[in-house]
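Inside the fold
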Amino acid sequence: MAIIHHTTLKPTKLELLTTWLPTRPWYAGAGAPELTKAGGFRLDDPEGEVGIEFMVALDTSGPEPVAYHVPLTYRAAPLPGADHALVGTMEHGVLGPRWAYDGLHDTVLRTELLALFEGRAQAMAQSISDTPDHEVTHSWTGPALPTGPAQVTEDRDGTELALPDGTVLHVHRILSPTAPEGPSGQVSGAWDAPDGTRVRSVFASLRTP
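Below, the structure is looked at part by part. If you're wondering where the values come from, they're calculated on a predicted model, not measured in any experiment.

Quick look at the pairing of strand E10 (residues 168-171)
- Here E10 shows two buried faces, one formed by Val-168 and His-170 and the other by Leu-169 and Val-171.
- Two strands pair when backbone bridges link them, and strand E9 (residues 158-162) and E10 are joined in this way by 4 bridges, in the antiparallel orientation. Its bridge partner being in E10, Thr-159 is matched across the sheet by Val-171.
- Counting the residues between successive antiparallel strands, the hairpin from E9 to E10 contains 5 residues, one of them, Gly-166, with a positive phi of roughly 95°.
- Of the pairings in the sheet, the one linking E10 to strand E12 (residues 198-207) comprises 4 bridges and is antiparallel in character.

Right, here's the structure in full:
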């Protein structure tokens, strides 16, 4: 069970994302984003070492708001071989230095996300300890999903991970209430739209070979 500490972060997660998001091929803005947190959920690391968060960050810098889906992991030490996936470092008021990574390059997040598809992991509330998030739904119609290495590619449409058995995990980076369902499986969640309504989107989907 992850314990949520309500303390200071320097810089904040949104401050890190303000610098990092414009470096991504799926970033839709023309300059620096203006971000607020609009929702998301967490997964627990069974080893209790890595923080796993799926954040929705709302950018209001352009003519139309854009909701970005950013899976992140938080570690107490650098992840070997993952310098390219480093979002930034923070000083946590309780835990000390934390390294924040694009979680799709972190095997701990990938393993738990696939377990969520299969119903073996429980989505947890983003800001409350030991509280399930029942707004997150999942489905998967195929066999057991393989864990381990995955080939990660990014483009304007989002991020894709090619699993060892040929299954493709597509992570939606720009969220829309009308995002299509995955042909074989999906994880969906809710977030706060700019007008204050609660909307649902597909966060990630799977397709088989």
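Let's pick the thread back up.
Remarks on the pairing of E12
- Judged by how many residues are buried, E12 sits mostly within the fold: 7 of 10 residues are covered.
- The pairing of strand E11 (residues 185-192) with E12 spans 8 bridges and is classified as antiparallel. What sits directly across from Trp-191, in E12, is Val-199.
- Between E11 and E12, which pair antiparallel and follow one another directly, the connecting turn spans 5 residues, one of which, Gly-196, has a positive phi of 95°.

Some remarks on empty space enclosed by the protein
- According to the stated counting rule, one finds 3 cavities of 30 Å³ or more in the structure shown.
- Here the largest cavity is characterised by a volume of approximately 50 Å³.
- The wall of the largest cavity is formed by Thr-107, Arg-110, Thr-111, Leu-114, Pro-146, Thr-147, Gly-148, Ala-150 and Leu-163.
- The residue inventory of the lining of the largest cavity, partitioned by class, reads 4 nonpolar, 4 polar and 1 charged.

Focus: the packing of aromatic side chains
- Within the structure shown, the criterion is met by 5 aromatic pairs.
- Both rings, one in Tyr-27 and one in Tyr-68, keep their centres 5.6 Å apart while their planes meet at 25°; by these two values the pair is stacked. Separated by 41 residues along the polypeptide, Tyr-27 in the loop between helix H1 (13-20) and strand E2 (35-43) and Tyr-68 in strand E4 (residues 66-75) bring together distant segments of the chain. No difference in accessibility class separates Tyr-27 from Tyr-68, as the two residues are buried.

Calculation notes
Each chain has its residues counted from 1, running along the sequence as written. Selection of residues for local features in this predicted model requires a pLDDT of at least 70, selection of side-chain atom pairs for listing and counting requires 80 or more, and totals for whole chains, interfaces and linings are taken over all residues. The side-chain numbers reported here are obtained from all heavy atoms of the structure, hydrogens and water having been left aside. Burial status follows relative accessibility: with a 1.4 Å probe on protein chains alone, a residue under 20% of its type maximum counts as buried, one over 50% as exposed, and anything between as partly exposed. Numbering of helices and strands runs from the N terminus; a helix is a DSSP stretch of H or I covering at least four residues, while a strand is a stretch of E covering at least two. Here, a strand pair is defined by DSSP locating no fewer than two bridges between the strands. A cavity here means a set of 1 Å grid points, computed over protein atoms only, where a 1.4 Å probe fits but cannot escape. A pocket is an open set with protein on both sides within 12 Å along at least 5 of 7 lines, and lining residues have an atom within 4 Å of a point. Grid points are joined across faces, edges and corners, and a volume is the space filled by probe spheres set on the points. Three residue categories are used. Nonpolar comprises Ala, Val, Leu, Ile, Met, Phe, Trp, Tyr, Cys and Pro, charged comprises Asp, Glu, Lys and Arg, and polar comprises the others, including Gly. A pair of Phe, Tyr and Trp rings is counted when the ring centres sit within 6.5 Å of each other, with Trp represented by its six-membered ring. The angle between the planes then sorts it: under 30 degrees is stacked, over 60 is edge-to-face, the rest tilted.

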